[in-house]
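# Geometric and topological summary
Residues per chain are reported as follows:
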Amino acid sequence: MGQKLKIAGWVAIGAVAGALTTVQLQAVARGTLAPLPLEELQQLAAVFGMVKSDYVEPVDEKKLISEAISGMVASLDPHSQYFDKKSFKEFREGTSGRFVGVGIEITMEDGLVKVVSPIEDSPAFRAGLKTGDLITKIDDTAVKGLSINDAVKLMRGEPRTKVLLTIFRKDENRSFPVTITREEIKTQSVKSKVVEPGYAWVRVSQFQERTIEDFARKVEDIYKADPKLKGLVLDLRNDPGGLLDAAVALSAAFLPENVTVVSTNGQLEDSKFVYKAIPQHYLRRGGPDPIKRLTDATQGALKTVPLVVLVNEGSASASEIVAGALQDHKRATILGSQTFGKGSVQTVRPLGPETGLKLTTARYYTPSGNSIQAKGIVPDVMVDETLEGNVFAALRTREADLQKHLGNGKDPEPPMTDARRAEEQQREEAREQARKRLEEEAKKNPGQRLVPEFGSDKDFQLQQALNQLKGQPVVVSKTLTVRTAEEKKEN
């Protein structure tokens, strides 16, 4: 990536949960460091000694130090993190799109793990787990009270080892045990189909190592099936991010060569960089270029085909890079609701063979120079998720809602006025109403999807995207408003 950049670590710009946008960035040598605060370091050593000698029970020294590092890093912002041995392994699995587990997408409901969907042909799929199943125990551990991350850790493990899940199936009103043998799961981050003659839908749910190869292959198949494509919908809804080079590559598939896709800026010289739509900025190890192959296979049609990009509050980081680049270059119409607003870059530096530090080192900017940190991408056309409105959008957390989130680095943080407090109160009340509505709908329709599946014929936003491509009337939201970058929140 130019002479400035050399392989040495990971740079991540993903959303809050798991999938993080990464690229390799040189770990530069610092020049002169400010003197260390000796008095405070002596205090830290004194506290460590007191805990070690005076605490009611013996404590693990390594665990104390690890927790101290974790607390120091976590105090900076929501995305900086210390990786111990286990979490470092999980982080690398998350970006590769491969992990060892049972193969289910999950969420939490009433303190239990709820199966959103078993991954096709996974051990959980073959064992008969269904959407809506509740996991009450993992081996001998009750799920009630566990965080979703703790539950995930218990279900993951080594290949060919077994895990016993206790399942409660609401619609059958029964509990039963299922023993599942763990195996390597390969997640599929790209889905596609021809929705109707001349119009196709491509969904990218996360930016992983195999995403661009999968994207190129699926779009090639679409053009083989329908060479005279009239319009394409790129669906980035609920895409939390992933690899930065994959975001640059996906943007390059639609943009003219050598135009700016995204830029980054921070204190370190190597954090100041402009990523362009060229292979040198998205091919990690050289080798075949799937974007060039796709461009050749479609005879450049992807550079000009009418394009609509679907986004929502769950579109973060890498998906915001793509949406911002296509919007700034007027290559696509962005449709949906305002995105998450994750505009900071994290560098992941190894601290040893099995531990690492993920540290916020820069902000990223769209081609026009706009920071979307704590603001997000504002769609060209605001459209609700259903004809009845944004049913549960109020439940989604955005970057501006996170404590200690960064400002955008340009605009001064607005003061906390009475009007601002009233807005926050209204948002909290809307969240509470949405929670109650969600509970009521779930009771009425156990095991049913409360919002239509993305890409289905009942997907309201997809239908509006198709209307946009055809030049037909679009049902524009009457309630969605733009949220600006908000005051930095402290504990």
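Residues numbered from 1 in each chain as written. Predicted model: local features only at pLDDT ≥ 70, side-chain atom pairs only at ≥ 80, totals over all residues. Heavy atoms only, no water.

Two side chains of opposite charge can pair, provided their charged atoms sit close to one another. According to the stated counting rule, one finds 15 salt bridges in the structure shown. The shortest N-O distance in the salt bridge between Asp 133 and Arg 169 comes to 2.8 Å. Placement of Asp 133 in the loop between α4 (123-126) and β7 (134-138) and of Arg 169 in strand β9 (residues 162-169) is noted, with a sequence separation of 36 residues between them. By relative accessible area, which is 2% here, Asp 133 ends up buried. Overall, Arg 169 belongs to the buried group, its relative accessible area being 7%. For Arg 174, the salt bridge identified is with Glu 172, shortest N-O distance 2.5 Å. Residues participating in the shared-partner salt-bridge network are Asp 133, Arg 169, Glu 172 and Arg 174. (Salt bridge = Lys/Arg side-chain N within 4 Å of Asp/Glu carboxyl O. Helix = DSSP H or I, 4+ residues; strand = E, 2+ residues; numbered from the N terminus. Buried < 20%, exposed > 50% of the residue type's maximum accessible area, 1.4 Å probe, protein only.)

Now for the sheet that holds strand β21 (residues 381-382). Across the sheet, which stays open at both edges, the six strands sit in the order β12-β13-β14-β17-β18-β21 with mixed pairing between neighbours. What marks the edges here is a single partner per strand, and that holds for β12 (190-196) and β21. Where strand β13 (residues 199-204) and strand β14 (residues 231-235) come together, five bridges link them in parallel fashion. Opposite Val 202, over in β14, you have Leu 234 as the bridge partner. Packed on one face of the sheet, helix α6 (residues 211-225) meets β12, β13 and β14 and runs near 20° to β12. The strands touched by helix α9 (residues 318-328) are β14, β17 (307-311) and β18 (333-336); relative to β17, the strand with the most contacts, the crossing angle is about 145°. (Pairing = 2+ DSSP bridges. Contact = heavy atoms within 4.5 Å. Axes fitted to C-alpha atoms, helices over the stretch in contact; angles between N-to-C directions.)

Phe 215, Leu 234, Phe 254 and Leu 302 are the most contacted members of the largest nonpolar core, which totals 52 residues. When residues of this core are assigned to their parent elements, the largest contribution, nine residues, is made by helix α7 (residues 244-254). Not counting residues within four places of it along the chain, the set of residues in contact with Leu 234 comprises Val 202, Val 204, Phe 215, Leu 250, Phe 254, Leu 307, Val 308, Val 309, Leu 310, Val 322 and Leu 326. Ranked by size, the runner-up nonpolar core spans 20 residues in total, among them Ile 104, Leu 129, Ile 135 and Ala 151. (Core = buried A, V, L, I, M, F, W, Y, C linked by side-chain atoms within 4.5 Å.)

Time to look at the environment of Thr 295. In this structure, Thr 295 sits in helix α8 (residues 290-297). The class of Thr 295 is partly exposed, set by a relative accessible area of 22%. In this structure the C-alpha to C-alpha distance between Thr 295 and Ala 252, which are 43 residues apart in sequence, comes to 9.9 Å. Setting aside anything within four residues of it in sequence, one finds Thr 295 in contact with Gly 300 and Lys 303.

Another point: the packing of aromatic side chains. Evaluated as defined, the whole model comprises three aromatic pairs. With a centroid separation of 5.7 Å and an interplanar angle of 20°, the aromatic rings of Phe 83 and Phe 88 are classed as stacked. Neither Phe 83 nor Phe 88 differs from the other in exposure class; each is buried. Over the face of the ring belonging to Trp 201 we find Lys 193, whose NZ or CZ atom lies 5.9 Å from the ring centre. Here Lys 470 stacks its cationic end above the ring of Tyr 199, 5.4 Å away from the centre of that ring. (Phe/Tyr/Trp six-rings, centres within 6.5 Å; stacked < 30°, edge-to-face > 60°. Lys NZ or Arg CZ within 6 Å of the ring centre and 35° of its normal.)

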